[in-house]
Amino acid sequence: QVQLAESGGGLVQAGGSLRLSCAVSGRTFSVYGMGWFRQAPGKEREFVAAIRWSGGSTDYADSVKGRFTISRDNAKNTVYVQMNSLKPEDTAVYYCAGRRIGVTARSPASYDYWGQGTQVTVSS
């Protein structure tokens, strides 16, 4: 089994920053790619960013490109997303996800493991 645990969410003013963390535990060797998704009330879960554990290639949604940065610390089995210049429309529950294939993917259905989510609220 693989467990994912997000942390770092909270309330921030527009223009501010937050860093979310996702700690991976359990059968970590079976996880080759990681992603961040978010879901606002009444909306579908949407892709935010993704990274490969090996090589570190990344992918971003257009809505966050240039503001968010995804990174990983292999030694700590942890993935981060640094979120800068936050906007009220970034308000959502943020989820990290892992997949057994080492290619970045944007579809939630492509991921095998999910965390419980962490709330990010950006006030105007």
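Described in the following lines is the structure provided in the data block. Think of each chain on its own: its residues are numbered from 1, step by step along the sequence as written. Given that the model is predicted, a residue must reach a pLDDT of at least 70 before its local features are reported, and side-chain atom pairs must reach 80 or more before they are shown or counted; all residues, however, enter totals for whole chains, interfaces and linings. Processing note: side-chain calculations cover all non-hydrogen atoms of the structure and skip hydrogens and water entirely.

Brief notes about the overall build of the chain
Step number 1: A run of DSSP states H or I qualifies as a helix once it reaches four residues; a run of E qualifies as a strand once it reaches two. Both are numbered from the N-terminal end. Of regular secondary structure, the chain possesses zero helices and eleven strands.
Step number 2: In the chain, the order of α-helices and β-strands from amino to carboxyl end is β-β-β-β-β-β-β-β-β-β-β.
Step number 3: Taken against the 2.2 N^0.38 rule, which gives 14 Å for 124 residues, the C-alpha radius of gyration of the chain at 13 Å falls within 12% of a compact globule.
Step number 4: In terms of its C-alpha atoms, the chain occupies a principal-axis envelope of roughly 40 × 25 × 25 Å. Only C-alpha atoms enter the radius of gyration; for comparison, a globular chain is expected to reach 2.2 Å times N to the power 0.38, where N is the number of residues.

Describing the environment of Arg-106
Step number 1: Along the chain, Arg-106 falls in the loop between strand 9 (92–99) and strand 10 (113–114).
Step number 2: Setting aside residues up to four positions removed in sequence, Arg-106 forms contacts with Phe-37, Phe-47, Asp-59 and Tyr-60.
Step number 3: Side chain to side chain, Arg-106 and Asp-59 meet in a polar contact 2.7 Å long.
Step number 4: Pairs of N or O atoms are called polar contacts if they sit within 3.5 Å, as long as, within protein, a hydrogen donor faces a hydrogen acceptor (for residues adjacent in sequence, only side-chain-to-side-chain pairs). Of note is the side chain of Arg-106, whose polar atom sits 2.9 Å from the backbone oxygen of Tyr-60. By the convention used here, residues are in contact when the closest approach between their heavy atoms is within 4.5 Å.

Quick word on the sheet that holds strand 3 (residues 18–26)
Step number 1: DSSP-based pairing: two strands are paired if at least 2 bridges between them are found. Pairing is antiparallel across the open sheet formed by four strands, whose spatial order is 1-3-8-7. Bordering the open sheet on either side are strand 1 (2–7) and strand 7 (68–73), each of which pairs with just one other strand. The average angle at which neighbouring strand axes cross in this sheet is 15°, direction not considered.
Step number 2: Two strands pair when backbone bridges link them, and strand 7 and strand 8 (residues 78–83) are joined in this way by six bridges, in the antiparallel orientation. A fitted line through C-alpha atoms represents every axis, and for helices the fit uses only the stretch in contact; the resulting angles, taken between N-to-C directions, go from 0 to 180 degrees.

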